[in-house]
Amino acid sequence: MSPILTGRVLYQCAKASIFTISVAIFANDNLFEIVSISGKSMTPALSPDHNTSGTRDWIVLRKMQPTNNIKRGDIVSYPSPHNPDKIAVKRVIGLDGDTVLLDQRRRSAMPPEKQRGWDTWGGKCVVPYGHLWVEGDHWSGSLDSNHYGPIPKSLIDGRALGLVWPWSRFGQTPWTQYRSKTRVIEGIAVCPKEWEL
Amino acid sequence: MASYGESVVVSKWFRRGRGLRVGDLVSFKHPINMGENAVKRILGMPGDFVAVGGARGAGQGGEGGGGRMLQVPAGHCWIVGDNLTWSRDSRIYGALPLGLVTGKVLGVVSWKDGWRRLDSGLQEAVVDDEVD
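None of the values given here were measured: they were computed from a predicted structure.

Caption draft 1: Representation of the overall build of chain B. Helix and strand content of chain B: 1 helix and 9 strands. Shown N-terminal to C-terminal, the secondary structure of chain B runs as helices and strands in the order β-β-β-β-β-β-α-β-β-β. Counting only residues that meet the buried cut, chain B has 36% of its 132 residues in that class. Here the analysis covers contacts within chain B between residues at least 6 apart in sequence; of these, 54% occur between residues at least 24 apart. Of the accessible surface of chain B, which amounts to about 8200 Å², a share of 52% is contributed by carbon and sulfur atoms.

Pasting the structure below:
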């Protein structure tokens, strides 16, 4: 085989791969990302069989302006406040300005030292301006706002659009039928004086 | 840094708290105003204790009876701007989740002075073994 031909072929392959990889990285960060749900905090809506058979659901997230028109009940992804290397996927329960009445049932599933932290809320929390209250659907095994409080909206980097795996449920959004048991008093968010431009 | 008109070069290798230390200037997404970014200095990493002084601009910690000491929680950092009297930072909105940090500032570019590298200003401690 002629060495010049091989060199040109390699060069073309390298150019094409670098281009494809760059586009894929850009799309992954800024447009859409596909993630797998491991963990039981969102059962039964997502990964319902995770504990029994280990099968995980894969969802596609929208990364462009994920908090635009966000509604209560949407699923969002964000780096976990206590461990930023892990991505957490949870449901939005309260928008800014809402008063969230904390679910007593979730407290009973926590270990005693976490229960003390939970008690400091005094049973309710007013979500500050620019923040969201997120919770996992599974009341006994979820690390969420009941643990670390409301999260800033800027922390959210993706909003779930639909399932991509298992194939039988492709395109569905099984989480829309869920009604959270946490009571929320809706309110309007007021931008604090210090941040008004 | 000037208050406007200068650009900073941010290294995104240091996003989400990777490799960051006290004294680094970081760029982060604003926790309250969506879509805004800000640049401030890290004064506390997770586990560090920070002293929050009395009223804004009232000087060093403890004055006026409002001083208190907090421990920075896991996964967060305490950021403070260099211009203490006018900076709106962790002294107002509390510890910043490291998930909001987008990178570390390497230097400043301006039309007047060109490229200026910004260091953290911290020096290694020098232990002099000869002095008692």
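Caption draft 2: The interface of chain B and chain A, seen in detail. Taken together, the 19 residues of chain B in the interface contact 17 residues of chain A. The junction of chain B with chain A conceals about 1700 Å² of combined surface from both sides, 62% of it contributed by carbon and sulfur atoms. Looking at the side of chain B facing chain A, the largest losses of area belong to Arg16, Ile32 and Met34 of chain B, adding up to 33% of the total buried there. Our count for the contact surface shared by chain B and chain A stands at 1 salt bridge. Note that Asp157 of chain A is salt-bridged to Arg16 of chain B, the shortest N-O span being 3.2 Å.

Caption draft 3: The pairing of strand E9 (residues 158–165) of chain A, seen in detail. Residues and elements named next belong to chain A. For E9, the buried fraction is high: 6 of the 8 residues fall into the buried class. Pairing of strand E2 (residues 57–62) with E9, which is carried by 5 bridges, proceeds in the antiparallel orientation. Looking at E9, one finds that Leu61 is bridged to Ala160. Here 2 bridges tie strand E3 (residues 75–80) to E9, and the two strands are oriented antiparallel to one another. Looking across to E9, one finds that Val76 is bridged to Arg159.

Caption draft 4: Quick peek at the sheet that holds strand E6 (residues 124–126) of chain A. Residues and elements named next belong to chain A. If you walk across this open sheet you meet the 3 strands as E6-E5-E10, and the pairing is antiparallel. Where the open sheet ends on each side, the last strands, each with one partner, are E6 and strand E10 (183–185). Here the strands of the sheet are splayed against their neighbours by 20° on average, with no regard to which way each runs.

Caption draft 5: How the structure looks around the nonpolar core. With 27 residues, the main nonpolar core has Tyr78 of chain A together with Phe28, Cys77, Ile79, Leu96 and Val101 of chain B as its most contacted residues. Looking at this core, the elements with two or more residues in it are E3, strand E4 (83–94) and strand E7 (131–135) of chain A together with strand E2 (25–29), strand E3 (37–44) and strand E6 (76–80) of chain B.

Caption draft 6: How the structure looks around the sheet that holds strand E1 (residues 32–37) of chain A. Read from one edge to the other, the open sheet built from 7 strands follows the order E1-E2-E9-E3-E4-E7-E8 (chain A), with strand pairing classed as antiparallel. Every other strand in the sheet has two partners, leaving E1 and strand E8 (151–152) of chain A as the edge strands with one partner each.

Caption draft 7: View of unusual backbone geometry. A positive phi angle is found at Asn69 of chain A, which is not glycine, with a value near 60°. In this structure, Asn69 of chain A sits in the loop between E2 and E3. Its identity as a non-glycine residue notwithstanding, Arg16 of chain B has a phi of 55°, on the positive side. Mapped onto the secondary structure, Arg16 of chain B falls in the loop between strand E1 (7–11) and E2. According to the relative accessible area criterion, Arg16 of chain B is partly exposed, its value standing at 28%.

Criteria and cut-off values
Residues numbered from 1 in each chain as written. Chains lettered and ligands numbered in written order. Predicted model: local features only at pLDDT ≥ 70, side-chain atom pairs only at ≥ 80, totals over all residues. Heavy atoms only, no water. Helix = DSSP H or I, 4+ residues; strand = E, 2+ residues; numbered from the N terminus. Buried < 20%, exposed > 50% of the residue type's maximum accessible area, 1.4 Å probe, protein only. Contact = heavy atoms within 4.5 Å. Areas by Shrake-Rupley, 256 points an atom, 1.4 Å probe, with all protein chains shown as cover. Buried area = accessible area lost by both parts, 1.4 Å probe. Salt bridge = Lys/Arg side-chain N within 4 Å of Asp/Glu carboxyl O. Pairing = 2+ DSSP bridges. Axes fitted to C-alpha atoms, helices over the stretch in contact; angles between N-to-C directions. Core = buried A, V, L, I, M, F, W, Y, C linked by side-chain atoms within 4.5 Å.

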